[in-house]
Structure formats: structure tokens, C-alpha cells
Amino acid sequence: MNRKNIIFYCSDQQRADTCGCYGQPLNVTPNLDRLAGEGVRFANAFSPQPVCGPCRAMFQTGRYPTETGCFRNNIMLPSGIKTLGNYMEEAGYETAYVGKWHLASEGEPDKPPVIDHTVIAVPLELRGGYTGYWRTADVLEFTSHGYDGYVFDENNRKVAFTGYRADCINDMALEFLEKWDRSRPFFLTISQIEPHHQNDRGHYEGPEGSRERFRDFILPGDLEALGGNASGEYPDYLGQCASLDENVGRLIAKLKEMGIYEETVIIYASDHGSHFRTRNRDAHLNGSDDYKRTGHDSALKVPLIISGGPYCGGKVVEDLVSTESIPKTILALAGVNVGDAMIGENLADVVYEKNPDRENQVFAQISESRVGRCIRTPDYLYAVYAPGKDGYRYAASDCYADDYLYDMRKDPFQLHNVVNDSTYMEIKGKLRLRLLDWIEQAEGFRPIIADEGK
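Residues numbered from 1 in each chain as written. Predicted model: local features only at pLDDT ≥ 70, side-chain atom pairs only at ≥ 80, totals over all residues. Heavy atoms only, no water.

Engineer: Report on the overall build of the protein, specifying residues and quantitative values.
Structural biologist: When its secondary structure is counted, the protein shows 13 helices and 16 strands. With respect to the principal axes defined by its C-alpha atoms, the protein has extents near 65 × 50 × 45 Å. Each of the 454 residues in the protein was classed as buried or not, and the buried ones make up 62%. Excluding contacts between residues fewer than 6 apart, the proportion of contacts in the protein whose partners are at least 24 apart in sequence is 71%. With the model as given, the accessible surface of the protein reaches about 17,000 Å², and the carbon-plus-sulfur share is 47%. When the 49 positive and 67 negative side-chain charges of the protein are each reduced to one mean point, those points stand 1 Å apart. (Helix = DSSP H or I, 4+ residues; strand = E, 2+ residues; numbered from the N terminus. Buried < 20%, exposed > 50% of the residue type's maximum accessible area, 1.4 Å probe, protein only. Contact = heavy atoms within 4.5 Å. Areas by Shrake-Rupley, 256 points an atom, 1.4 Å probe, with all protein chains shown as cover. Lys, Arg positive; Asp, Glu negative; His and termini not counted. Charge placed at Lys NZ, Arg CZ, Asp CG, Glu CD.)

This is the structure:
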């Protein structure tokens with residue numbers, strides 16, 4: 001078997017509509033647009049958990065956060081769970097990981113972590129099975145800003161960088177390619193933090209000149225209608241996305257220079273999106289401080305482009321898919337069939353329509369802002385929450401209540417909550433049953449959903 005090299009290029013907090021191939025009117029992502037034209041673009045890809053740590057734990061384990069215990073930030077990836085890194089190294093791949101890890105700190109909500117990996121490197125036993133090239137900070141936004149910072153290498157030595165952060169992280173990936181000995185295929189993860197906002201400055205930090213370059217921005221419909229802080233932050237946000245795209249272009253150029261582009265599969269996705277402080281105003285988190293942690297498309301709908309190997313021909317998949325399927329898909333490319341050991345599906349099966357009985361819907365768990373669950377179909381988004389449950393303290397609940405319901409056919413920007421509209425009672429009842437089925441399958445028990453509104 002001629003196994004392909006595999007690159008997982010993961011951005012942080014990037015909405016799908018930042019990309020031209022997903023409808024962005026400005027020239028922000030020409031390289032990703034070309035990659036989509038060569039490979040496969042999943043037009044309706046959704047995050048299963050819109051919080052950094054839980055989603056990344058899912059990417060590494062192929063298990064829901066409620067199973068691993070990593071249901072919020074500041075919970076360490078537990079030992080004893082077989083990870084994507086373990087599987088890939090067992091399969092004979094050389095592994096490399098650069099950028100943000102976010103799975104090695106432990107602490108209570110709203111308190112400093114017990115293990116401060118801003119000053120201490122992530123030890124080998126906390127690297128999720130990756131034993132190869134390592135240029136990583138556990139919480140990259142705490143060891144760097146838009147410009148300048150540091151990570152740690154595989155020998156726990158600090159590696160400082162000067163310049164725009166996304167460029168420097170990408171440079172480290174290129175350094176790995178220079179060192180790769182070609183004796184076996186590689187699996188490289190490039191975990192960028194852009195376009196995440198800079199926590200300690202409360203600002204999206206695009207490259208210098210972003211505000212001028214993207215001053216003619218057009219806000220997506222939800223942000224235009226709901227306000228938040230997008231009108232001030234969107235040019236820098238687009239600048240960050242453009243920087244990621246330029247770095248994808250540099251990576252592709254390097255692969256071509258080395259003569260291995262045709263032997264490499266590139267998977268580009270984000271952990272979740274951003275609603276720019278427009279949602280969650282009535283949740284545990286004050287809406288003025290939050291960018292994600294909701295089931296709305298602004299937080300869940302992300303870019304997902306795969307190019308190389310079976311992902312070819314400029315195909316567009318309209319079916320809904322979840323990025324929970326990324327680890328299983330990566331392993332399938334490596335020739336590893338994990339069966340039911342991981343959630344999700346091999347996305348190649350979706351591309352080639354191998355399952356005629358596939359249900360066209362996705363499920364997500366919401367934490368921190370609430371204990372919430374939601375189901376998304378082509379026509380509807382339905383979500384529930386657990387009254388009185390702190391989303392930082394509880395992973396799940398045995399009782400939920402209606403949160404919101406949107407009719408995507410009439411309301412594509414999810415502006416009008418019809419969860420208590422009597423004309424939608426039958427539809428809500430059907431969606432409830434589907435959501436309960438998802439929860440039971442994912443979490444091992446079937447809760448109740450109370451009839452009272454919020």
C-alpha cells in the first residue's frame with residue numbers, strides 16, 4: 001500500500017464564511033479556494049463542541065468530551081486513552097506537531113491552571129502519543145501575541161520566535177519537512193491559533209495593514225443584524241484568515257518543491273467559529289465576553305477542505321458532516337480501520353455516497369456557557385439547555401429544556417427563535433426525539449426534555 005503523507009492544518013475560531021469558496025466576497029483565501037477546487041469542499045461542516053480544549057480532545061481521541069472528561073477548558077487529556085498520535089505512530093508514520101496543544105493544563109474554572117505550561121514545557125507523557133518533532137505551547141495565546149512569542153521543542157527547550165505568529169508557526173512546519181528523512185510517511189499537525197482573539201488584549205490581531213487591506217468588508221448577515229463587536233474587529237479577523245491562507249500557500253509550494261505534493265493529503269479545518277459577542281447574552285457567560293459556546297452556525301459552521309488521495313476533482317459535498325469525523329478519516333487514510341473505537345465516519349464514504357441510509361444531520365455538545373445539546377438538519381437547528389446547571393461544573397444533565405429552534409428555510413441567519421411558536425410544535429417534537437437519540441448514543445443515557453420554555 002502506497003500510503004500518503006497527511007497534514008492536518010487546524011485554525012482556531014474561524015467561521016466558514018471567511019473563505020471565498022464559502023461565500024466571502026473579498027479575496028481572503030485564494031490558496032484555500034484553489035485547494036478546494038482540486039480536492040473536496042464540505043459545504044456544511046460543523047464543530048461538535050465549540051470550545052477549544054474539548055474540541056481538540058475530540059480531535060485527538062475520537063471520543064466525545066463527556067466520555068473523556070474534557071468537557072471544558074483547563075481539563076487535561078487523561079492518560080490511558082489511545083490517541084490519534086498513538087495510532088499513527090503504530091501505523092509507521094513519523095509524527096510532528098506544531099502550534100497550540102491546549103490539552104496539558106489542569107485547573108478550576110476562572111482560576112490559573114495547576115500546571116502552568118506558559119513557563120513549563122509539555123512533558124512527553126502529556127503529548128498525546130506524539131514522540132516526533134514538537135514545537136508547541138500548551139496555551140499558545142499565553143506565550144505569544146499576534147507578533148512574537150515562544151513555544152517548546154521535543155527536548156523541553158524554549159524556542160523563541162520573532163515576527164507574525166502564524167508565519168512563525170508555519171515556518172516550524174516547513175522546518176520539519178526539511179528534516180523529514182523520507183524513510184516513512186509523515187503525519188504533520190499544524191495547529192494555528194489564528195484567527196482566535198488575543199485573550200489578554202481583547203482584540204483580533206491581524207498582520208499590520210489588515211485594517212486598510214480589508215476596510216471594505218461586508219459583514220455576514222447574522223453579525224450585521226445582531227451587532228456585537230464585529231464592525232470594529234472584522235478587518236483584523238479577515239487579516240488573520242488571510243495570513244493563514246498565505247501560509248497554506250507557502251506550505252503547498254514547499255511540498256511541490258520537494259516533489260511530494262501529489263503524495264500528500266491536506267485536511268484544512270477549524271475547531272469552531274466566532275459569533276463576535278452576539279449570542280449567549282442570557283447564559284452563564286456574559287454575552288459581552290463570549291465568542292463561541294453556542295449551537296448557532298456562527299460558532300459551529302467551519303471550513304472543511306480535504307485535498308489529495310481520494311479527495312480530488314473539485315467535488316462539493318452538500319450533506320451535513322461533523323468535524324468529529326476528522327480523526328477516523330485521518331486513520332482511514334493511513335490504512336487503519338478503528339471501527340467503533342472512535343465516533344464519526346470516514347468522510348471518504350460520504351464523498352462517494354457509500355451509505356444510502358446515512359442520516360443527514362449533526363449533533364453538538366455545548367459547555368461553559370450552559371450545559372447544552374443541539375441537533376442541526378438541513379432545515380432546522382434545535383437546541384436545549386439544562387436549567388440551573390453551571391456549564392463549567394457539569395458535563396451533562398438528566399433533564400433539559402428548550403433553548404432555541406430556527407427554521408433555516410425562512411431564517412438562514414438564525415435571528416428568529418421559534419421554539420415556543422405553536423406552528424412548530426410538531427417539527428419540534430420530531431427534532432426532540434432525534435436529539436434524544438443522539439444524546440443516548442453519545443452519552444449512554446436518555447434524559448428528559450421538559451416542556452416549559454426558558
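Engineer: Give me the pairing of strand β6 (residues 158-164): which residues, what numbers.
Structural biologist: Two faces, one strand: in a regular strand the side chains alternate between the faces of the sheet. In this sheet, β6 lies alongside strand β5 (residues 147-152) in antiparallel orientation, the contact comprising five bridges. Paired with Val151 across the bridge in β6 is Val159. If you look at the hairpin formed by β5 and β6, you'll find five residues sitting between the two strands, and Asn156 has a positive phi there, around 65°. (Pairing = 2+ DSSP bridges.)

Engineer: Pulling in residues and values, what's your account of the packing of aromatic side chains?
Structural biologist: Any two aromatic rings considered together are summarised by their centre-to-centre distance and by the angle between their planes. In this structure the tally under the stated criterion is 24 aromatic pairs. Consider the rings of Tyr204 and Tyr291, whose centres lie 5.4 Å apart with planes at 90°: the pair is edge-to-face. Here Tyr204, found in the loop between β7 (186-191) and α7 (210-213), pairs with Tyr291, found in the loop between β8 (264-270) and α10 (297-300); they are 87 residues apart in sequence, far enough to count as distant. Taking relative accessible area as the criterion, Tyr291 reaches 1% and is therefore assigned buried. (Phe/Tyr/Trp six-rings, centres within 6.5 Å; stacked < 30°, edge-to-face > 60°.)

Engineer: So what's going on with a nonpolar patch on the surface? Which residues, and what values?
Structural biologist: Judged by side-chain polarity, Leu226, Phe413 and Leu415 come together as a nonpolar surface patch covering roughly 220 Å² of accessible area. Relative to the helices and strands, Leu415 is located in the loop between β15 (399-407) and α13 (425-443). Take Leu415: its relative accessible area is 32%, and that puts it in the partly exposed class. (Patch = residues over 30% accessible without salt bridge, like charges linked within 9 Å, V, L, I, M, F, W, Y side chains within 5 Å. Salt bridge = Lys/Arg side-chain N within 4 Å of Asp/Glu carboxyl O.)

Engineer: If you had to explain the environment of Ser210 to someone new, which residues and values would you point to?
Structural biologist: Along the polypeptide, Ser210 turns up in helix α7. Residue Ser210 is classed as buried on the basis of its relative accessible area of 4%. C-alpha separation for the pair Ser210 and Gln49, spaced 161 residues apart in sequence, amounts to 29 Å. Contact partners of Ser210, with chain neighbours within four places excluded, come to Pro235, Asp236 and Gly239. A polar contact is formed between the side chain of Ser210 and the backbone oxygen of Pro207, at a distance of 2.7 Å. (Polar contact = N/O pair within 3.5 Å; in protein donor to acceptor, adjacent residues only side chain to side chain.)

Engineer: How would you explain the nonpolar core if you had to name every residue and give the values?
Structural biologist: By size, the foremost hydrophobic cluster in this structure holds 89 residues, and its most contacted members are Phe42 and Leu304. Take this core: its biggest share by element is eight residues, from helix α6 (residues 165-179). Dropping the residues within four chain positions of it, Leu304 is found in contact with Tyr22, Val40, Arg41, Phe42, Ala45, Ile267, Tyr268, Ala269, Val321, Ile326 and Leu347. Grouped together as the second largest cluster of nonpolar side chains are 22 residues, Tyr380, Leu436, Trp438 and Ile449 included. (Core = buried A, V, L, I, M, F, W, Y, C linked by side-chain atoms within 4.5 Å.)

Engineer: Break down the packing of α6 against helix α9 (residues 230-257) for me, citing the residues and quoting the values.
Structural biologist: Between α6 and α9, whose axes approach to 10 Å, the crossing angle comes to 15°. Between α6 and α9, the angle is such that the two are roughly parallel. Every pair of crossing elements has a handedness; the one defined by α6 and α9 is right-handed. Taken together, the residues of α9 that come into contact with α6 (itself represented by Ala166, Asp167, Asn170, Asp171, Leu174, Leu177 and Glu178) are Ser243, Leu244, Asn247, Arg250, Leu251, Lys254 and Leu255. Residues that form the contact of α6 with α9 fall into these classes: six nonpolar, three polar and five charged. (Axes fitted to C-alpha atoms, helices over the stretch in contact; angles between N-to-C directions. Parallel < 35°, antiparallel > 145°, perpendicular 65-115°, else oblique. Left-handed = near helix turned anticlockwise from the far one by under 90°. Nonpolar A, V, L, I, M, F, W, Y, C, P; charged D, E, K, R; others polar.)

Engineer: Go over the side chain of Arg41, please, and point to the residues and values.
Structural biologist: Examined against the element boundaries, Arg41 turns out to sit in strand β2 (residues 40-46). Buried charge Arg41 goes without a salt bridge, the closest partner of opposite sign being Glu318 at 5.2 Å.

Engineer: Got a sec to walk through the confidence of the model for the protein? Specific residues and values, please.
Structural biologist: Per-residue confidence for the protein gives a mean pLDDT of 94, with 97% of residues at or over 70. Confidence over residues 283-288 falls short of pLDDT 50; this stretch has 18 contacts with residues more than four positions distant or in other chains. (pLDDT = per-residue confidence, 0-100.)

Engineer: Quick rundown of the sheet that holds β15? Include the residues and the values.
Structural biologist: The strand order across the open sheet built from five strands is β12-β13-β14-β15-β16, with neighbouring strands paired in mixed fashion. Because the sheet does not close on itself, it has two edges, and the strands there are β12 (362-366) and β16 (448-450). The sheet shows a mean angle of 30° between the axes of neighbouring strands, direction not considered. Taken together, the six bridges between strand β14 (residues 380-385) and β15 define a ladder with antiparallel strand orientation. Residue Tyr380 lies in a different strand from β15, and its bridge partner there is Asp407.

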